[in-house]
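Chain by chain, the residues:
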Amino acid sequence: MKRLLLIAAAALTALTVQAEPFPGTKPVTIVVPFAAGGPTDRVARDLAEAMRKSMGGAPVVVDNAAGAGGSIGANKVAKAAPDGHTLLLHHIGMATMPTLVRNLPFKVETDFEYLGMVNDVPMTLIGRPSLPANNFKELAAWIGQNKGRINLGNAGVGAASHLCGLLFQNAMHVDMTTVPYKGTAPAMTDLIGGQIDLMCDQTTNTTSQIEGKKVKAFAVTTAKRLTTPALKDLPTLQESGLKGFEVTIWHGLYAPKGTPADVVAKLNAALKAALKDPEFIKKQEGLGAVVVTDKRVEPAEHKKFVAAEIAKWSPIIKAAGVYAD
Ligand code: ASP
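These numbers were taken from a predicted model, which means no experiment stands behind them.

### Topic: the site of the ligand
Around the ligand, the neighbouring residues are Phe34, Pro39, Thr40, His91, Ala155, Ala159, Ala160, Ser161, Gly183, Thr184, Asp201 and Gln202. Contact with the protein chains hides 100% of the accessible area of the ligand, taken as 270 Å² for the molecule alone. Judged by the proximity of its atoms to the pocket grid, the ligand belongs to the largest cavity. Contributions of two or more residues to the shell around the ligand are made by helix H2 (39–54), helix H6 (160–172) and strand S7 (198–202). Residue composition of the shell around the ligand, by class: five nonpolar, six polar and one charged.

### Some points on empty space enclosed by the protein
This model, assessed by the stated rule, comprises two cavities of 30 Å³ or more. Its volume calculated, the largest cavity comes out at about 70 Å³. Around the largest cavity, the lining residues are Phe34, Pro39, Thr40, His91, Ala155, Ala159, Ala160, Ser161, Gly183, Thr184, Asp201 and Gln202. Only H2, H6 and S7 provide two or more residues apiece to the lining of the largest cavity. The residue makeup of the lining of the largest cavity, split by class, is five nonpolar, six polar and one charged.

### So, the confidence of the model for the protein
Mean pLDDT for the protein: 92, with 92% of residues reaching 70 or above. With pLDDT under 50 throughout, residues 10–17 is counted as low confidence; its partners more than four residues away or in other chains account for zero contacts.

### Considering the packing of H6 against helix H11 (residues 299–320)
Two numbers describe how H6 lies on H11: the axes approach to 11 Å, and their chain directions differ by 45°. By the angle between their axes, H6 is oblique relative to H11. Both H6 and H11 take part in a crossing whose hand is left-handed. Contact residues: Leu163, Leu167 and Asn170 in H6; Trp313, Ile316, Ile317 and Ala320 in H11. Taken together, the residues of the contact of H6 with H11 sort by class into six nonpolar, one polar and no charged.

### Regarding the side chain of Arg296
The topology assignment puts Arg296 in the loop between strand S10 (290–291) and H11. Overall, the relative accessible area of 12% leaves Arg296 in the buried class. Separated by 2.8 Å, the side chains of Arg296 and Asp120 make a polar contact. Ignoring any residue separated from it by four or fewer positions in sequence, one finds Arg296 in contact with Gly116, Met117, Asp120, Glu301, His302 and Phe305.

### Section: unusual backbone geometry
With an omega of -5°, the peptide bond running from Phe22 to Pro23 counts as cis. Topologically, Pro23 is positioned in the loop between helix H1 (2–19) and strand S1 (28–32). Although it is not a glycine, Ala68 sits at a positive phi angle of roughly 50°. On the secondary structure map, Ala68 appears in the loop between strand S2 (60–64) and helix H3 (71–78). If you check the backbone angles, Lys213 has positive phi at about 55° while not being a glycine. If you trace the backbone, Lys213 turns up in the loop between helix H8 (203–211) and strand S8 (216–220).

### Things to note about the packing of helix H7 (residues 184–193) against H8
In contact at an axis separation of 11 Å, H7 and H8 are set at 25° when each is read in the N-to-C sense. Looking at the two axes, H7 sits roughly parallel to H8. When the axes of H7 and H8 are compared, the crossing they make is right-handed. Contacts from Thr184, Ala185, Met188 and Ile192 in H7 reach Asn205, Thr206 and Gln209 in H8.

### Some remarks on the pairing of strand S4 (residues 112–127)
Counting buried residues in S4 gives 16 out of 16 residues, a clear majority hidden from the surface. The pairing of S4 with strand S9 (residues 248–256) spans nine bridges and is antiparallel. Residue pairing in the sheet places Tyr114 in a bridge with Tyr254 of S9. Both S4 and S10 contribute to a ladder of two bridges, which runs antiparallel. Paired with Asn119 across the bridge in S10 is Val291. Note that S4 and S7 share five bridges and pair antiparallel.

What counts, and at which threshold
- Residues numbered from 1 in each chain as written.
- Predicted model: local features only at pLDDT ≥ 70, side-chain atom pairs only at ≥ 80, totals over all residues.
- Heavy atoms only, no water.
- Near = heavy atom within 4 Å.
- Areas by Shrake-Rupley, 256 points an atom, 1.4 Å probe, with all protein chains shown as cover.
- 1 Å grid on protein atoms, 1.4 Å probe; cavity = no way out; pocket = protein on both sides within 12 Å on 5 of 7 lines; lining within 4 Å.
- Sits in = over half its atoms within 2 Å of the grid points.
- Helix = DSSP H or I, 4+ residues; strand = E, 2+ residues; numbered from the N terminus.
- Nonpolar A, V, L, I, M, F, W, Y, C, P; charged D, E, K, R; others polar.
- Points joined across faces, edges and corners; volume = space filled by probe spheres on them.
- pLDDT = per-residue confidence, 0-100.
- Contact = heavy atoms within 4.5 Å.
- Axes fitted to C-alpha atoms, helices over the stretch in contact; angles between N-to-C directions.
- Parallel < 35°, antiparallel > 145°, perpendicular 65-115°, else oblique.
- Left-handed = near helix turned anticlockwise from the far one by under 90°.
- Buried < 20%, exposed > 50% of the residue type's maximum accessible area, 1.4 Å probe, protein only.
- Polar contact = N/O pair within 3.5 Å; in protein donor to acceptor, adjacent residues only side chain to side chain.
- Pairing = 2+ DSSP bridges.

As structure tokens, this is what we get:
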């Protein structure tokens, strides 16, 4: 009898565990692999607010696990409990880190459940306000005159700013001293203060600084000029003479591998609803970002897209010889 009761109690416990609703009582945490106040953080905080609404008011918080070009935060989520309460918001680094960073402690293709893409974000080439150059032509001349003395800020090896900065140096045939930060928020502070000379960064961080004339803006990294009011007069790097130069950042949402399919489906539905939130769209558009409305909001398409981006960037990085230890 006692044995039967024990079996019944165990079965009840199992039932209770299975029936645990999602989201549960603990908050859903979106891990940002870069410093607070930067471009990835900006997207995550806007998304957290929109997902809070789309998940019926469930708490959604942001945790900045910055460092090592975005690999520390990604690794934290890869190793987290697969219960849907720990998510990762990451950018193009998910596609470039496998080539740019040797010995990554996780596998982009197999250690995550893909929840859907969030947005596409252009980058801008910006400089310290005291830089003597006022347009790209003058900047190119200044770079030529200051070879060996130029500091370029970035968010560490594997970050978008790292990739963009490396491609820029390669296209200009100039080596610069790269200064790594835990994100481009602290790098921006130093750029404004004149401690570093140049940086390539997402418009989600640079638009307001360009608008406020806190930094000098020289070009956008997209193939076409942008329409955002503060950025529409900036030339593209391609039209400035850097043939074929094009980098656009995208963000996607991930959960640890093994997160149950029904939880993945709920998170995907919450993400889709958040991407339709007019307030979220307005905020993102104001920062030059374009919210994803195509099939990449589907987990399978998100996964396919990242695999295609890995295949796209790997030969470019290798051919440019820009990968680093
Ligand atoms: N803009 C950074 C990068 O270079 C990331 C960040 O600080 O959000 O990837």
